[in-house]
Amino acid sequence: MDDAQIQRIINHSEFQSMAKKKTSLGLIFSIITLIVWFGYLLLVGFDPEMFAAPLSAGSTVPVGFYIVVAIMIFVPVITWVYVSKANGEFDTMTRKVIDDINSGKV
């Protein structure tokens, strides 16, 4: 790939749109993930007794177990959402850019 072709890709409106969407989605998901992880750490640090307390009267399973399970479910779900978006919308946008460049439209 030569420099002229790279410049055409970078200047392509669909590529610029895709780059903005990927950046904003990645930033949003990163912030959400950091809030979840740091929220968990702050909760453990400032209220450890809550993690040992049972969820309801007569229960032997502590609240902390449910919080950890929720986080363990959250991580694959948010990853799946990003991968689905990347394999769907972003791949379609990438294919359009490649097709436009190869056909000489840009």
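This text goes with the structure placed above it.
For the structure given in this document, a descriptive report is provided here. (Residues numbered from 1 in each chain as written. Predicted model: local features only at pLDDT ≥ 70, side-chain atom pairs only at ≥ 80, totals over all residues. Heavy atoms only, no water.)

1. So, the pattern of salt bridges
Step number 1: Using the criterion set out here, one finds four salt bridges in the structure.
Step number 2: Two residues, Lys 21 and Glu 89, come together in a salt bridge whose shortest N-O distance is 3.0 Å. One end of the pair, Lys 21, is in helix α2 (residues 13-46); the other, Glu 89, is in helix α4 (residues 63-103), with 68 residues separating them in the sequence.
Step number 3: Classification of Glu 89 as partly exposed rests on a relative accessible area of 25%.
Step number 4: A salt bridge links Asp 100 to Lys 96; the shortest N-O distance between them is 3.0 Å. Taken together, the positions of Asp 100 and Lys 96, both in helix α4 and four residues apart, correspond to about one turn of that helix.
Step number 5: When its relative accessible area of 7% is taken as the criterion, Asp 100 is described as buried.
Step number 6: When its relative accessible area of 38% is taken as the criterion, Lys 96 is described as partly exposed.
Step number 7: Each of Lys 21, Lys 85 and Glu 89 takes part in salt bridges that share partners, so that together they form one network. (Salt bridge = Lys/Arg side-chain N within 4 Å of Asp/Glu carboxyl O. Helix = DSSP H or I, 4+ residues; strand = E, 2+ residues; numbered from the N terminus. Buried < 20%, exposed > 50% of the residue type's maximum accessible area, 1.4 Å probe, protein only.)

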